[in-house]
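# Coordinate analysis (summary)
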Amino acid sequence: MNKLALLLAGAFALAGNLQAAGLEISYYREGKLLACVSLEDKEFELSFIHSVSLTPVKDYYQLVESPAGELTINQTAEVFIAHGQGLPSLVNEPDAKSFKRRNGKFILEMDRGIGQLIVRTDQRFENRLYVGNRNINLNQWPDGGLLITPVSNCQP
């Protein structure tokens, strides 16, 4: 085997072993896997229409890797335009770093560890997952609870 073929074979073998962190989306109660979405930068966003104020809310998250290599979800911010039941309204919210109003939006910056991320979907509230420039419609599956779990090797 010539050197170029050997080099290419090694490169393809290495590429096959690369792992892409991602998010598994499954039905919460049944545990049935629906999708796995790979993350390029370990960050993602969820958006929805708030059920009381009927205004958009966007939550920002990142995956955090422990020294042992386990991935967990950390919420870094929540952005909204109107207060409603369940939305933050105080400077001293749990795990808050800052709470401000900018350009007509309330912005709660935080450092909040999320044990299990369960999204209650409802067609009326336009549940979406944003990963990079991708927009995943979480309402493509029947309304209910979706469990979003970090994984170190996403197999779409």
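Here, the structure is the one placed above.
This write-up is about the structure you can find in this document. (Residues numbered from 1 in each chain as written. Predicted model: local features only at pLDDT ≥ 70, side-chain atom pairs only at ≥ 80, totals over all residues. Heavy atoms only, no water.)

### Here we look at the overall build of the chain
Looking only at helices and strands, the chain features 1 helix and 11 strands. The order of α-helices and β-strands along the chain, N terminus first, is α-β-β-β-β-β-β-β-β-β-β-β. Within the chain, contacts between residues at least 6 apart in sequence are counted, and of these 52% link residues at least 24 apart. As displayed, the chain offers around 9,700 Å² of accessible surface, 51% of which is attributable to carbon and sulfur atoms. (Helix = DSSP H or I, 4+ residues; strand = E, 2+ residues; numbered from the N terminus. Contact = heavy atoms within 4.5 Å. Areas by Shrake-Rupley, 256 points an atom, 1.4 Å probe, with all protein chains shown as cover.)

### Observations regarding the sheet that holds strand 11 (residues 144–151)
The strand order across the open sheet built from 4 strands is 2-1-11-8, with neighbouring strands paired in antiparallel fashion. The two strands at the open ends of the sheet, each matched to only one other strand, are strand 2 (33–38) and strand 8 (117–121). This sheet shows a mean twist of 25 degrees between the axes of neighbouring strands, independent of strand direction. Judged from the 5 bridges that link them, strand 8 and strand 11 form a sheet pairing that is antiparallel. The residue bridging Ile118 from the neighbouring strand is Leu147, located in strand 11. (Pairing = 2+ DSSP bridges. Axes fitted to C-alpha atoms, helices over the stretch in contact; angles between N-to-C directions.)

### Quick notes on the layout of surface pockets
Regions of empty space are outlined by a rolling probe, equal in size to a water molecule, passed over the atoms. Estimates place the volume of the largest pocket at around 280 Å³. Lining the largest pocket are 17 residues, and of these Phe48, Ile118, Val119, Arg120 and Asn127 sit closest to its centre. Among the elements of the structure, strand 3 (43–49), strand 4 (56–65) and strand 8 are those that each provide at least two residues to the lining of the largest pocket. At 5 residues, the largest contribution of residues to the lining of the largest pocket is made by strand 8. Per-class residue counts for the lining of the largest pocket are 9 nonpolar, 4 polar and 4 charged. (1 Å grid on protein atoms, 1.4 Å probe; cavity = no way out; pocket = protein on both sides within 12 Å on 5 of 7 lines; lining within 4 Å. Points joined across faces, edges and corners; volume = space filled by probe spheres on them. Nonpolar A, V, L, I, M, F, W, Y, C, P; charged D, E, K, R; others polar.)

### Notes on the sheet that holds strand 3
Strand order in the open sheet formed by 7 strands is 6-7-5-4-3-9-10, with antiparallel pairing between adjacent strands. Because the sheet does not close on itself, it has two edges, and the strands there are strand 6 (96–102) and strand 10 (134–137). Here the average twist between neighbouring strands, direction ignored, is 20 degrees. The pairing of strand 4 with strand 5 (residues 71–80) spans 9 bridges and is antiparallel. Across the sheet, Tyr60 pairs through a bridge with Ala77, a residue of strand 5.

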